[in-house]
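Listed below, chain by chain, are the residues.
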Amino acid sequence: MIAPALHAEIRRLFYAEHWRIDTIATTLGVHHDTVRHAVESERFMRPGRPIRPSALDPFKAFLTATLEQYPRLRATRLWAMVRGRGYPGSVIQVQRYVRTVRPAARGEAYLRLNTLAGEQAQVDWGNFGKIRVGATVRLLSCFVLVLAWSRACYARFALDQTLESFLRGHVEAFAALQGVPRIILYDNLKSVVLERVGDHIRFHPRLLELAGHYHFAPQPCAVARGNEKGRVERFIGFLRHSFFAARAFTSVADLNAQLAHWIAEVAHARPVPDRREQSVAAALAEEQPRLLPLPEHPFPCEALRAVSSGKTPYIRFDGNDYSIPHTLVRRPLTLVAAEHVIRLLDGRTEVARHARSYERGQRIEDDAHLAALAEALARGAISAASVAHLLDQQRRARHLPPLVDLVLPADPRVRDLRVTPHALSAYDTLLTPPDEETPHGAPTR
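These notes cover the structure that comes with them. Treat the numbers as computed from the prediction; the structure is a model and nothing was measured.

Remarks on the pairing of strand S9 (residues 275-279)
Bridge count for strand S8 (residues 271-272) against S9 is 2 bridges, and the pairing is antiparallel. Paired with Val 272 across the two strands is Arg 275, which belongs to S9. Between S8 and the antiparallel strand that follows it, S9, lie 2 residues.

Okay, here's the thing in structure tokens:
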């Protein structure tokens, strides 16, 4: 039995508005048989008149089962599928039948997110186009963290979206907000999720180290459910239009200084959307005691690379060459890249320190390294690698092509050939002028 009001509405739509049965069922969210019973459709069937069999009858069960699994599949595709299974009829019959059995689309409802103070934050990257750094064009990104309860935020622009910049954003956000939320919600970023099979997630080990250091739980959104972190996405849109649009700045550092001022004066001064009587700054002050305390030391988020130079005393990183002492050519070193500083370590000993360049194709040199190399050349205390470095510099200055290593063929008669070395002193006589007092043909000593 259905409610009288629904029964009346079905009959009104059928008899007064002349709607089709399947249209009524879809609109009102009821079964087609319910509509047929309400309108008493059997009254319109002539008794005793047999229903002619259809060529589609053997395939109707297949079509219904397929639509239950793929409710939005087109009728033309279903027609092609039954044709491959022996259906001889036209697509029109399939379309008519599909209209009567296709499951009604279900509207997806979203619940309003309600969290406790200090419980959750949401993190994401925002893309803000390109920026020129010297002669190099780089992508400009913004790391954003928003506390779900107070809507307090931290944001900072960067010239990449590397794992190190991602970790650094967390460390600086926790320090700025003076605490750590218990759960941080992410999109399925490569910096967060290395692999995902259903509900089984393999997190990035460095993110797990960060989470263990600050005692929060990382939580990725469900696949294709970006609405789960709608607060950070809405804030990125707010940031894009209220702060970044038509803003002039001279550098990323200048842009970040303006951003910090805007967060304090604009973003944190606005009312909390769910509690408009309270400002974001006041809500943050209320939420901070419920955040997890900061550890004694911040998490180290520098990039570490095992490196070694080639023939020249330079280490390449992020498209630039950084000088090292010439005595360390081709030796294994450790590169430590912070946001503004590049350090090179020989074991635990720092052997080079440079300001980091975000241009590309630059050569960053330490005058002390060049002076030591010049002194070694003056004293003759140079190695084969140093000579190779000088020869390489001279060839480049003369715009000569680079040297190509000799590669012998794989023929063992060539590779296994051993040449017996001879004394070179015999060749010195070729440079000695003949003695005029020695008779022609007389032996010489």
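So, next bit.
Some points on the packing of helix H4 (residues 60-69) against helix H5 (residues 75-83)
Across the interface, H4 lies against H5 with an axial gap of 11 Å and an inter-helix angle of 135°. Taken together, H4 and H5 sit at an angle that is classed as oblique. H5 is crossed by H4, and the crossing has right-handed handedness. Between H4 and H5, the residues in contact are Phe 62, Leu 63, Thr 66 and Leu 67 and Leu 78, Met 81 and Val 82, respectively. Across the contact of H4 with H5, the residue classes break down as 6 nonpolar, 1 polar and no charged.

Some details on the packing of aromatic side chains
In total, this model carries 16 aromatic pairs according to the counting rule given. Relative to Phe 166, the ring of Phe 143 lies with its centre 5.9 Å away and its plane at 75°, an arrangement referred to as edge-to-face. Taken together, the residues span a long stretch of sequence, with Phe 143 in strand S2 (residues 136-147) and Phe 166 in helix H7 (residues 163-177) at a distance of 23 residues. Side by side, Phe 143 and Phe 166 carry an identical accessibility label, which is buried. Ring-pair connections join several aromatic residues into one group, and the members of that group are Phe 128, Phe 157, Phe 235, Phe 238, Phe 243, Phe 244, Phe 249 and Trp 262. Here the basic side chain of Arg 240 rests over the ring of Phe 128, its NZ or CZ set 4.5 Å away from the ring centre. Over the face of the ring belonging to Tyr 314 we find Arg 363, whose NZ or CZ atom lies 4.6 Å from the ring centre.

A few points about the state of the cysteines
A complete count under the given rule lists 0 disulfides for this structure. Between Cys 142, a free cysteine, and Cys 153, which holds the nearest cysteine sulfur, the sulfur-to-sulfur gap is 9.4 Å.

Re the pattern of salt bridges
Under the definition given, this model contains 15 salt bridges. Ionic pairing is found between Arg 20 and Asp 22, a salt bridge with its closest N-O pair at 3.4 Å. Classification of Asp 22 as buried rests on a relative accessible area of 12%. Put simply, Asp 318 and Arg 138 hold a salt bridge, and the shortest N to O gap is 2.8 Å. Residue Asp 318 is located in the loop between strand S11 (314-317) and strand S12 (320-323), and its partner Arg 138 is located in strand S2; the two are separated by 180 residues in the primary sequence. Three or more residues joined by partner-sharing salt bridges are found here, namely Arg 138, Asp 318 and Arg 356.

Reading the values: the criteria
- Residues numbered from 1 in each chain as written.
- Predicted model: local features only at pLDDT ≥ 70, side-chain atom pairs only at ≥ 80, totals over all residues.
- Heavy atoms only, no water.
- Pairing = 2+ DSSP bridges.
- Helix = DSSP H or I, 4+ residues; strand = E, 2+ residues; numbered from the N terminus.
- Axes fitted to C-alpha atoms, helices over the stretch in contact; angles between N-to-C directions.
- Parallel < 35°, antiparallel > 145°, perpendicular 65-115°, else oblique.
- Left-handed = near helix turned anticlockwise from the far one by under 90°.
- Contact = heavy atoms within 4.5 Å.
- Nonpolar A, V, L, I, M, F, W, Y, C, P; charged D, E, K, R; others polar.
- Phe/Tyr/Trp six-rings, centres within 6.5 Å; stacked < 30°, edge-to-face > 60°.
- Buried < 20%, exposed > 50% of the residue type's maximum accessible area, 1.4 Å probe, protein only.
- Lys NZ or Arg CZ within 6 Å of the ring centre and 35° of its normal.
- Disulfide = S-S within 2.5 Å.
- Salt bridge = Lys/Arg side-chain N within 4 Å of Asp/Glu carboxyl O.

That's the geometry; what it means functionally is another story.
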